[in-house]
Amino acid sequence: MRMLARRVGWRFLGFRRFLIPCAMPNDTRPSNGQFATTLQIVSTVFFTFLCYLTIGLPLAVLPSFVHVDLAYSSVVAGLAISVQYLATLLSRPYAGRTADAWGPKRTVLCGLVACGASGLLVALAGVFSDVAWLSLLALILGRLVLGFGESWVSTGAIMWGIGQVGPSHTARVISWNGVATYGALALGAPLGVALDNAYGIEALGGAIALSGIVGLLLARMKRATPVIHGERLAFHAVLGRVLPFGMGLALGSIGFGAISTFITLYYASHHWDNAALALTAFGVCFMGVRLLLGSSIGRFGGYRVAMVSFALEAFGLIVLGIAPTGFTALLGAALSGAGFSLVFPSLGVAAVNLVPAQNRGAALGAYSVFLDVALGVTGPVAGLIVGAYGYAEVYLCAAIAAIAAVLLTLWMARVAQAREGGKKVAQTA
């Protein structure tokens, strides 16, 4: 009995260390040290939270605004959302290079300026809503500027956090950055709908601009990290190293792109209420899995975690696609968020570690490019699928992509295992 109590006690202590933010003030010194590290990470990725709040606020409003208020087709509505990801894609390599060469702080500051400016353009789109083409033009310009801001803030914040707490905490920084990302989306979507319903899209644009301004003021007060000097690899060389990991990320990101772009119209086509709650469910489950199961990457390995994540995401997308009720669709979105949660960090840590320290920003940018490509292509392609078949088929196609990601990750795991086996044979020879 004494031995059993001792084992239970040690397991409880291990679980308690995992839930560091909930630790009591009389924790031991190692726990306090970990709490201080977590606090540093959270204070840095908070800028990612503010950035993605500017993305989440209009996320559930703009598709209906373009399709209903401006009377454009579903393809144009999807394009108006996805053009942001095109801008993110084009600016992501420069964001990584800037973080490596100028430092993460300056990169984040530039990105926050762009996020705030996008809100002013959204407000202009509301002002000119009587002139459909002019309103759409202002909206698209705002999405392009926001895409630039997203790439620079998200890349810079991760590199800023790694610079503050050290590369050994890369997985924690990436995980907390994801919590900030989807936490902001979960909060922003219903808040944006409430602002639009109460005060109009002009007020929504003002809230977006305010978020960028607050982030800019706070970032200016935070300590910068030193720039790491050394040889800079060409972007195409970095891209080649992270290619298979990025392909897996892209396949798994299609489901998120389909949910964020068409979930409101999917609900409307079935006359279901509370479409924004589906985005919230996605974000809440995403954050929950990151917080509770983030350590599983270190315990079971990135490849295993990625395969399980892709499989769960595929199941959630299937549930969403065949949902007979709004509640079932909400459940499918939640499962998809839980599955997608650990995709980025499980494959991303290995991708970033493939290059020297002075090129980590470029590696993170190259890896993230695949996310941008997937989200940028998903909108218009899904719009074509909607026009030809319907909304449900979009989510079923996304499920097929997630299943393909499982197979790709299985192949990468076998290649990595064979490589490690070859190294051991070479060392013993």
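As shown above, the structure is provided for reference.
Fair warning: this is a prediction, and the values are worked out from it, not measured in the lab.

S.K.: Would you explain the packing of helix α4 (residues 74-101) against helix α9 (residues 235-269) in this entry?
M.R.: A pair of packed helices is captured by two measures, namely the crossing angle of their axes and the spacing between those axes. Two numbers describe how α4 lies on α9: the axes approach to 13 Å, and their chain directions differ by 155 degrees. Taken together, the axis directions place α4 and α9 in an arrangement best described as roughly antiparallel. Note on packing geometry: the crossing formed by α4 with α9 is right-handed. Here Ser 74, Gly 78, Ile 81, Tyr 85, Pro 93 and Arg 97 of α4 come into contact with α9, specifically with Phe 235, Ser 260, Thr 261 and Phe 262.

S.K.: In this structure, what is going on with the side chain of Gln 164? I would like to understand it.
M.R.: Within the element layout of this structure, Gln 164 appears in helix α6 (residues 132-165). Take Gln 164: its relative accessible area is 14%, and that puts it in the buried class. Dropping the residues within four chain positions of it, Gln 164 is found in contact with Gln 40, Thr 44, Lys 222, Arg 223 and Thr 225.

S.K.: Just to check I follow, could you spell out the packing of aromatic side chains for this structure?
M.R.: Each aromatic ring pair is summarised here by two numbers: the centre-to-centre distance and the angle between the ring planes. Under the defined criterion, the tally for this structure stands at 13 aromatic pairs. The interplanar angle of 45 degrees and the centroid separation of 6.5 Å between the aromatic rings of Tyr 266 and Tyr 391 together place this pair among those described as tilted. Highlighted residues: Tyr 266 in helix α9 and Tyr 391 in helix α16 (residues 391-428), separated in sequence by 125 residues. Taken together, the ring pairs in this structure connect Phe 262, Tyr 266, Tyr 267, Trp 272, Tyr 391 and Tyr 395 into an aromatic cluster. A cation over a ring is seen here: Arg 106 above Trp 102, with NZ or CZ 4.6 Å from the ring centre.

S.K.: Would you take a moment to explain the environment of Ala 123 for this structure?
M.R.: By the element assignment, Ala 123 lies in helix α5 (residues 104-127). Taking the C-alpha atoms as reference points, Ala 123 and Gly 200, separated by 77 residues in sequence, lie 9.2 Å from one another. Every residue in contact with Ala 123, bar those within four places of it in the chain, is listed here: Ile 201, Glu 202 and Gly 205.

S.K.: Please clarify how the nonpolar core should be interpreted in this entry.
M.R.: Within soluble globular proteins, side chains that are nonpolar generally end up buried alongside one another. Judged by nonpolar contacts, the single largest core of 108 residues is most densely connected at Ile 259, Ile 263, Tyr 266, Phe 340 and Tyr 395. The greatest single-element share of this core, amounting to 13 residues, is contributed by α9. Excluding residues that lie within four positions of it along the chain, Ile 263 makes contacts with Ala 258, Ala 275, Ala 278, Leu 279, Leu 320 and Tyr 395. Membership of the second largest hydrophobic core comes to five residues, among which are Val 289, Ile 297, Ala 338 and Leu 342.

Calculation rules
Per chain, residue numbering runs from 1 following the sequence as it is written. Per-residue local features are limited, in this predicted model, to residues with pLDDT of at least 70; the limit for side-chain atom pairs, both in listing and counting, is 80 or more; totals at the level of whole chains, interfaces and linings are taken over all residues. Note that the side-chain values use all heavy atoms of the structure and ignore hydrogens as well as water. Lines fitted to C-alpha atoms define the axes here, with helix axes fitted over just the stretch in contact, and angles between the N-to-C directions of these axes take values from 0 to 180 degrees. Runs of H or I in DSSP of at least four residues are treated as helices and runs of E of at least two as strands, each being numbered from the N terminus. Roughly parallel here means an angle under 35 degrees, roughly antiparallel means over 145, roughly perpendicular means 65 to 115, and every remaining angle is called oblique. Two helices cross in a left-handed way if the nearer one is turned anticlockwise from the farther one by less than a right angle. They cross in a right-handed way if the turn is clockwise. Whether two residues are in contact is decided by their heavy atoms, any of which lying within 4.5 Å being enough. The buried label applies to any residue whose accessible area, calculated with a 1.4 Å probe on protein chains only, is under 20% of its type's maximum; exposed applies above 50%, and partly exposed to all values in between. Classification of ring pairs uses Phe, Tyr and Trp, with its six-membered ring standing for Trp, and accepts pairs whose centres are within 6.5 Å; under 30 degrees between planes counts as stacked, over 60 as edge-to-face, and the remaining range as tilted. Two limits define a charge over a ring: the Lys NZ or Arg CZ must be within 6 Å of the ring centre, and within 35 degrees of the ring normal. As used in this record, nonpolar core signifies buried Ala, Val, Leu, Ile, Met, Phe, Trp, Tyr and Cys residues forming a set joined through side-chain atoms within 4.5 Å.

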